[in-house]
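Observations on the model geometry
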Amino acid sequence: MKYYKSYGIAFLVPILLIVGIFYGMLIWDFAAAFTSWQGLQPTWEFVGFSNFSRLFELERFWINVRNNLLWLVFFIVPTALGGFVLAYFLSNLGRAENVFWKIFLFPMALSFVVTGTLWAWMYDPSSGVINTILGGIGINTSRLGWIADPKIAVYCMILSAFWQYLGFSLVLYLGAIKGLPSEMIEAAKVDGASRFKILFRIIFPNIAHATLICTTMLAITTLKVFDLVWIMTRGGPGVSTEVLPYLMYRLTFESRDFGMGAATSIVMLIFSAAIVIPYSLWMLGKWVRA
Amino acid sequence: MIFFAVFYLLPVYVLLATSFKSFAEVSLKDMWKLPQDISLDSFQIAWRGDASKGVTGLSKNFINSIYLVIPATIISSLLGSMNGYVFSKWKFRFSNLVLALIIFGMFIPYQSVLIPIVVVLQKIGLYGSIPGLIFIHCVYGVPITTLIFRNYYSTVPTELLEAAKIDGGGFLRIYRDIMLPISMPGFAVVMIWQFTSIWNDFLFGLVVAQKPSIQPITVALNNLAGSYFVEWNIQMAGALITALPPLLLYIFLGRYFMRGLLAGSLSGT
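Residues numbered from 1 in each chain as written. Chains lettered and ligands numbered in written order. Predicted model: local features only at pLDDT ≥ 70, side-chain atom pairs only at ≥ 80, totals over all residues.

**Observations concerning the overall build of chain A**
- Per the secondary structure count, chain A includes 13 helices and 0 strands.
- From first element to last, N terminus to C terminus, chain A shows the α and β order α-α-α-α-α-α-α-α-α-α-α-α-α.
- Along the three orthogonal principal directions, the C-alpha set of chain A runs to about 75 × 70 × 30 Å.
- Sorting the 290 residues of chain A into buried and exposed places 46% on the buried side.
- For chain A, contacts bridging at least 24 residues in sequence account for 68% of all contacts bridging at least 6. (Helix = DSSP H or I, 4+ residues; strand = E, 2+ residues; numbered from the N terminus. Buried ≥ 20, exposed ≤ 12 C-beta atoms within 10 Å, placed from the backbone. Contact = placed C-beta atoms within 7 Å.)

**A look at the overall build of chain B**
- Along chain B, the regular secondary structure elements total 12 helices and 2 strands.
- Overall, chain B shows an N-to-C arrangement of helices and strands of α-α-β-β-α-α-α-α-α-α-α-α-α-α.
- In chain B, which comprises 269 residues, the share counted as buried stands at 48%.
- Once local pairs closer than 6 in sequence are excluded, the contacts in chain B between residues at least 24 apart make up 75%.

**As for the packing of helix α3 (residues 59-91) of chain A against helix α10 (residues 208-223) of chain A**
Residue and element names in this part refer to chain A.
- Two elements in contact, α3 and α10, have axes whose closest approach is 9 Å; the angle formed by their N-to-C orientations is 145°. Our pair here, α3 against α10, has a crossing hand that is right-handed. Contacts from N68, W71, L72, F75, I76, T79, A80 and G83 of α3 reach α10 at T211, C214, T215, L218, A219, T222 and L223. (Axes fitted to C-alpha atoms, helices over the stretch in contact; angles between N-to-C directions. Left-handed = near helix turned anticlockwise from the far one by under 90°.)

**Here we look at the environment of Y127 of chain B**
Residue and element names in this part refer to chain B.
- Counting through the fold element by element, Y127 comes out in the loop between α5 (111-123) and α6 (130-154).
- A count of 17 C-beta atoms within 10 Å places Y127 in the partly exposed class.
- Look past the residues within four positions of Y127 in its chain and what remains in contact with it is V118, L121, Q122, G132 and V208.

**Focus: the interface of chain A and chain B**
- Counting residues at the interface gives 70 residues for chain A, matched by 69 residues for chain B.
- No other element matches the 18 residues that helix α1 (residues 2-32) of chain A contributes to the side of chain A that touches chain B.

**Here we look at the nonpolar core**
Residue and element names in this part refer to chain A.
- Grouped together as the largest cluster of nonpolar side chains are 174 residues, with contacts concentrated most on M157, L170, Y173 and V229.
- If you tally residues by element for this core, the top one is helix α7 (residues 153-178), at 17 residues.
- Beyond its immediate chain neighbours, meaning those up to four positions away, Y173 contacts G83, F84, A87, I207 and A210. (Core = buried A, V, L, I, M, F, W, Y, C linked by C-beta atoms within 7 Å.)

**Looking at helix α7 (residues 158-166) of chain B**
- Taking burial as the measure, the 9 residues of α7 of chain B include 0 buried ones, a minor fraction of the element.
- Following α7 of chain B by one or two positions, G168 of chain B adopts a phi angle in the positive range, close to 90°.

**Observations regarding unusual backbone geometry**
- One non-glycine residue, R234 of chain A, adopts positive backbone phi at about 55°.
- Tracing the backbone through its elements, the reader meets R234 of chain A in the loop between α11 (227-232) and α12 (244-254).

**Details of the confidence of the model for chain A**
- Confidence along chain A averages 85 in pLDDT terms, with 98% of residues attaining 70 or more.
- α3 of chain A holds the highest mean pLDDT among the elements of chain A, 92, whereas helix α6 (residues 129-136) of chain A holds the lowest, 79. (pLDDT = per-residue confidence, 0-100.)

**Concerning the packing of helix α4 (residues 97-105) of chain A against α7 of chain A**
Residue and element names in this part refer to chain A.
- Two elements in contact, α4 and α7, have axes whose closest approach is 7 Å; the angle formed by their N-to-C orientations is 145°. When α4 is examined against α7, the residues W101, F104 and L105 are found in contact with a partner set consisting of L166, G167, L170, V171 and L174.
- Residue composition of the contact of α4 with α7, grouped by class: 7 nonpolar, 1 polar and no charged. (Nonpolar A, V, L, I, M, F, W, Y, C, P; charged D, E, K, R; others polar.)

**Some remarks on the environment of C138 of chain B**
Residues and elements named next belong to chain B.
- Note on placement: C138 falls in helix α6.
- On the basis of neighbour counts, which here come to 22 C-beta atoms within 10 Å, the residue C138 falls in the buried class.
- Separated by 63 residues in sequence, C138 and I75 place their C-alpha atoms 7.0 Å apart.
- Apart from residues no more than four positions distant in its own chain, C138 is found in contact with A72, I75 and S76.

**With respect to the environment of N233 of chain B**
- With respect to the helices and strands, the residue N233 of chain B is situated in helix α12 (residues 232-266).
- It is 4.8 Å that separates the C-alpha atoms of N233 of chain B and S19 of chain B, two residues lying 214 residues apart in sequence.

Written out as structure tokens, the structure reads:
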């Protein structure tokens, strides 16, 4: 046994190193958030919570938080719900199902950079696809700025992320629905339950785990959304589409205010820990039992 | 359903139709028409660049991405397989704790380690180089490859290993002669997943590769699309070039792609 053990540890050296480096960096970042580090070299001069209080005084910071929350609500709910409804219809389609999931899932193979480039053009007020179609059917498009309009830019961006991620929630739900025992649904049919009732009273509650996984994964995605914002609007017009990851990048790598950047990333970390820790524990619990 | 699917594919149609047009043909009222005669001009400019228009081609960056993605994918998949083997078959005292740390680490936003990464890479002299990017993608990729392989190997019956042990098979021999030969489906899932996510990454490339000559293709596409004077047909051609490798993988190996995607989140079930 001892022989196997020492080999096992040897095999694990890389991952143990990686875990060590990773958590070491996390602690480092945490420490840096309390220093006055500006410029290229770290200066370990501790300044307490002043980075955080400077951050909280920024109006821009609160606009970012609000945008992150908008993403959380207007991205997760439609994507999860839309995926569920599509999956339900697809699960009744038989063989055609295979063609359809491939159509809906393909945007997941794209980079956010590609999605952003493509949609930025579609939304372009003067020569974009959307305004051209609308103009073609006689709608006055001069006031429809889409991502150039600070009032609706965030929602436009969320729509393109929805386009990319719908397939993800679709295949997740599709797998869950197909995993349900068919007797369950047959029995309900025999009892005279309507299709609607079967959908919401039987199928939906019995795939709660899929909902948990789906919403958690989407929530993590929204918390670190960066590429799309960068490509489509650079946070603009003004700071109307900025989100925390974007602010973190600008403070750190453009303003060279590493202390504040680190403080922003710690705020993000707290947000994501609130989502990830319960989920990770749930997953780990399942594994240990299995 | 079909209506919805058509709506879904619309952006793609636009992408294809535009990139195959010459600039003269890209006009508003003809947006819907297929290109009159298929023109590869846009692709040529997007690929090779055009000095007179100030467009830098993507070809160099395409190669950079290949140099980056292939080693990073292979290294992280192999390490994942080795770790998965230990975690599934040779549990040790703190294995669950380490596993919990890995799962948690997988979901941490990049931004929380971005600053230390830059400093660490500068210290070890890999900042601003492709090996530096390979290193980061391995650090970020190994947790997920480990988890996927751990679950994959869990389905291998333990009796098989016990029998091999009685026959005198050592730790390495069991891995080489029993586990590796049955790992191909696992490798397919993991490698497609890693290839796609590393190819599509933007943030690490942006932060680590400041020099244009080593930038991966996603960063270069952003530069191309970011300049206002680049025509849409060229941007779309660039977007298509960038999307091509993962899309090809998806078209031919879609089922594995889907499994990889789900494994990342569904590892528990």
